[in-house]
Amino acid sequence: MNEIFQMFCDTIKEIWQTSGMYALFSDGGWKNLIMILVSFVFMYLAIAKQFEPLLLLPIAFGMFLTNLPMINLADAMYHPELFDYVYEYAADGSVVDHYINYGRILKEGGLLDILYLGVKLGLYPPLIFLGIGTMTDFSPLIANPKSFLLGAAAQGGIFFTFIGAAVLGFSAAESGAIAIIGGADGPTAIYVSTKLLAGGDFKISTGTIALAAYTYMALVPVIQPPIMKLLTTEKERKIKMATLRNVSKTEKIIFPIAVTLIVALIVPSAAPLVGMLMLGNIIKESGVCARLVDTAQNSLMNIITIFLGVSVGATTRADKILNPEFAKVIALGVFAFGIGTASGVLFGKIMCKTSGGKVNPLIGSAGVSAVPMAARVSQKVGSQSDPTNFLLMHAMGPNVAGVIGSAVAAGVLLSIIG
Amino acid sequence: MHTDLIAKIAPTANMSGEQIVSVVITGLVVVFLVLVLLVWFVQGFGKTFTNNKNKTNTTTKNVTPPVKTSSNLISGSLPQNFDDSNDNDEIVAVISAVIANMSAQDGKNYQITSVKPHINPLRKSRSAWAAEGLRQNTNPF
């Protein structure tokens, strides 16, 4: 009888010690608990507040899944150690080559490891850009090409944040990855951080960058308006812009070809993003690929969004995220968005002066990308000063120019750091 | 110009002040350069298309339009090269013709008492439906 009781107690003890509950309250388990609570906050923001729910909800659930404590690592869905580089050394001890053992990932990886391959190989961001291309109308930009300048000016957020990150002691690759948050473009941020933060021992991960980027993108309507109001006068905010001219179908078809050609020839590193964006756009504007457009902007886009969101969320494991560097990235992220907005508005003011008051400086803030939220913020702030002022279509020009601008800036960072 | 020609910075290196400034200046210059080129290009082909369109319009206007009769407009058989620009007089004439036709069919005598231009208080060129649609689409928050 005593032996049976002892066996029962041992079994219960073993079940307890191999359970997630035990891991949660053992060494370092509190970190997982914090990240699980953070994932709940994100789920709340996505569901109740509808802040970028299509991406924030999969990211939050991926975060939740990856932080569930597992004693038996084979049960885990994400194994960051599988993505560590394998180094090959020469006889003198110097490194000859380094690579990720993808075969091992396929053999031993969990579900989220397999999905994360799309991020690691840089597949998801260009495919998302393909879908965005099929949903983007470049007419406002073609009708008013000077909007490109506002899209360029708003990229100041990226490069000035680069200074801040470097001053705070981040390495070149880390500074580049943090700076790209200022582009306010999720896929670009993931693409650049994946490329830059590969093959080295870095203090931050792609998950950290993605988390900061999407959090601030969701908060664009909160971050931008105070900066826009601070930098503009009531009179400037009331400026009504002239109606845009109609753009012909031929112009819309030539545009994606020309942009791809010019960008790829000057900044080849930006070609995967800009090329896929423009491929999506030309199949839409051609009017002869209705089925492809339908697939790219619906099925494909939705599938990639789920895979991207959940696998990026999975990279936010407590042991990788909860450190002082994460706080610095969060602080630099809001700085990047603020500077990007301010650069766009200030350049808008310059254009307002040079055009004799024909440009409303509020449309400059839309140059930070975050399509179409940033353009809607321009519209909203403008309509607060004059309810009959419709800036939305004018702001869409700098907004889509910002997507091209941030892809070019990403290409520049990838070209310089490597 | 090819940015790959720029001296590369090691990813794990902590940068010097000169390197940081060079990255910022290079980045801003290249981004502006690319987008300014795009401005020129798009402006160029935009002007070309606008000029071509204007030429086409001028040629079309030089062709003598066929005589429009109320009967062929009512029956829906629009003549070739029918100019559908906003000609208020023509619209009033067409509506009058439709009413005259209706009078003849019904045997009743309908009379148009007045035709007044409608001015939208918000914007003269935007109809009430268009203004409401615009308001709903641009008021997301």
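The shown structure was predicted, so the numbers you read here are calculated from the model rather than taken from an experiment.

## Here we look at the overall build of chain A
For chain A, the count of helices and strands is 22 helices and two strands. Here the C-alpha radius of gyration of chain A, 24 Å, is about what a compact globule of 418 residues would show, namely 22 Å. The buried share of chain A, taken over its 418 residues, is 57%. Looking at chain A alone, contacts between residues at least 24 apart form 76% of all its contacts between residues at least 6 apart. When the accessible surface of chain A is totalled, it reaches about 17,100 Å², and 66% of it is carbon and sulfur.

## A few points about unusual backbone geometry
Residue and element names in this part refer to chain A. Here the residue pair Val-371 and Pro-372 is connected by a cis peptide bond, since its omega of -10° sits within 30 degrees of zero. For Pro-372, the location among the structural elements is in the loop between α20 (324–354) and α21 (373–385). For Ser-369, which is not glycine, the phi dihedral falls at a positive 75°. Its place among the elements puts Ser-369 in the loop between α20 and α21.

## Section: the interface of chain A and chain B
With 61 residues of chain A at the interface, the matching set in chain B holds 45 residues. Carbon and sulfur atoms make up 79% of the area that chain A and chain B hide from each other, which totals about 4,300 Å². Per-residue buried area on chain A facing chain B is highest for Ile-266, Phe-390 and Ile-416 of chain A; these three make up 16% of the total on that side. Across the chain A-chain B interface, the total number found is zero salt bridges. Connecting chain A to chain B are five residue pairs in polar contact (both at pLDDT 80 or more).

## So, the pattern of salt bridges
Residue and element names in this part refer to chain A. Enumeration according to the criterion identifies seven salt bridges over all chains in this entry. Between Glu-108 and Arg-104 there is a salt bridge, and its shortest N-O distance comes to 3.2 Å. Here the residue Glu-108 and the residue Arg-104 both occupy positions in helix α5 (residues 102–108), the gap between them amounting to four residues, near one helical turn. You can call Arg-104 partly exposed: its relative accessible area is 38%. In this structure, Glu-236 engages Lys-349 in a salt bridge whose closest nitrogen and oxygen atoms are separated by 2.8 Å. Here Glu-236, found in helix α15 (residues 234–237), pairs with Lys-349, found in helix α20; they are 113 residues apart in sequence, far enough to count as distant.

## Concerning the nonpolar core
Phe-148, Phe-255 and Ile-404 of chain A together with Val-34 of chain B are the most contacted members of the largest nonpolar core, which totals 138 residues. For this core, the leading source of residues is helix α22 (residues 392–416) of chain A, giving 15 residues. With near-sequence residues (within four places) excluded, Phe-255 of chain A lies in contact with Phe-138, Leu-141, Ile-142, Phe-148, Met-278 and Ile-404 of chain A together with Val-42 and Phe-45 of chain B.

## Focus: the side chain of His-394 of chain A
By the secondary structure assignment, His-394 of chain A is in helix α22. Once residues within four sequence positions are removed from consideration, His-394 of chain A is found in contact with Met-241, Ala-242, Leu-244 and Ile-363 of chain A.

## Some thoughts on the environment of Ala-410 of chain A
All names here are of chain A. Along the chain, Ala-410 falls in helix α22. Separated by 236 residues in the primary sequence, Ala-410 and Glu-174 have C-alpha atoms spaced 13 Å apart. Sequence-distant contacts of Ala-410, defined by excluding residues within four places in its chain, comprise Ile-180, Thr-188 and Val-192.

## Comments concerning α20 of chain A
Helix length check: α20 of chain A (31 residues) gives 45 Å between terminal C-alpha atoms against 45 Å at 1.5 Å per residue, within 8%. Once α20 of chain A ends, the next one or two residues include Gly-356 of chain A, with phi positive near 70°.

## Things to note about the packing of aromatic side chains
Residue and element names in this part refer to chain A. Enumeration over the complete set of coordinates arrives at twelve aromatic pairs over all chains. Ring geometry for Tyr-78 versus Tyr-116: centroids 5.6 Å apart, planes at 80°, classification edge-to-face. Taken together, the residues Tyr-78 in the loop between α4 (53–66) and β1 (85–89) and Tyr-116 in helix α6 (residues 111–120) connect sequence positions 38 residues apart. With a relative accessible area of 5%, Tyr-116 lands in the buried category. One aromatic cluster is present, built from ring pairs that chain together Phe-40, Phe-61 and Phe-64.

## Structural notes on the environment of Leu-123 of chain A
Assignment of secondary structure puts Leu-123 of chain A in the loop between α6 and α7 (124–135). Separated by 185 residues in the primary sequence, Leu-123 of chain A and Leu-308 of chain A place their C-alpha atoms 9.7 Å from one another.

## Some details on the confidence of the model for chain B
Residues and elements named next belong to chain B. In this model, chain B carries an average pLDDT of 71, and 60% of its residues clear a pLDDT of 70 or more. Of all helices and strands in chain B, the one with the weakest mean pLDDT is helix α2 (residues 70–74) (46), whereas helix α1 (residues 17–62) scores best (85). This model gives residues 68–85 a pLDDT under 50, and the stretch forms 14 contacts once residues within four places in sequence are excluded. Reported confidences for the modelled complex are a pTM of 0.77 and an ipTM of 0.84.

## Thoughts on the pairing of β1 of chain A
It is a general feature of regular strands that their side chains alternate between the two faces of the sheet. All names here are of chain A. Pairing analysis gives five bridges linking β1 to strand β2 (residues 95–100), with the strands arranged antiparallel. If you follow Tyr-85 over to β2, its bridge partner there is Ile-100. Between β1 and β2, which pair antiparallel one after the other, the connecting turn spans five residues, and Gly-93 there sits at a positive phi close to 90°.

Reading the values: the criteria
Residues numbered from 1 in each chain as written. Chains lettered and ligands numbered in written order. Predicted model: local features only at pLDDT ≥ 70, side-chain atom pairs only at ≥ 80, totals over all residues. Heavy atoms only, no water. Helix = DSSP H or I, 4+ residues; strand = E, 2+ residues; numbered from the N terminus. Rg over C-alpha atoms; globule rule 2.2 N^0.38 Å. Buried < 20%, exposed > 50% of the residue type's maximum accessible area, 1.4 Å probe, protein only. Contact = heavy atoms within 4.5 Å. Areas by Shrake-Rupley, 256 points an atom, 1.4 Å probe, with all protein chains shown as cover. Buried area = accessible area lost by both parts, 1.4 Å probe. Salt bridge = Lys/Arg side-chain N within 4 Å of Asp/Glu carboxyl O. Polar contact = N/O pair within 3.5 Å; in protein donor to acceptor, adjacent residues only side chain to side chain. Core = buried A, V, L, I, M, F, W, Y, C linked by side-chain atoms within 4.5 Å. Expected span 1.5 Å × (residues − 1). Phe/Tyr/Trp six-rings, centres within 6.5 Å; stacked < 30°, edge-to-face > 60°. pLDDT = per-residue confidence, 0-100. Pairing = 2+ DSSP bridges.

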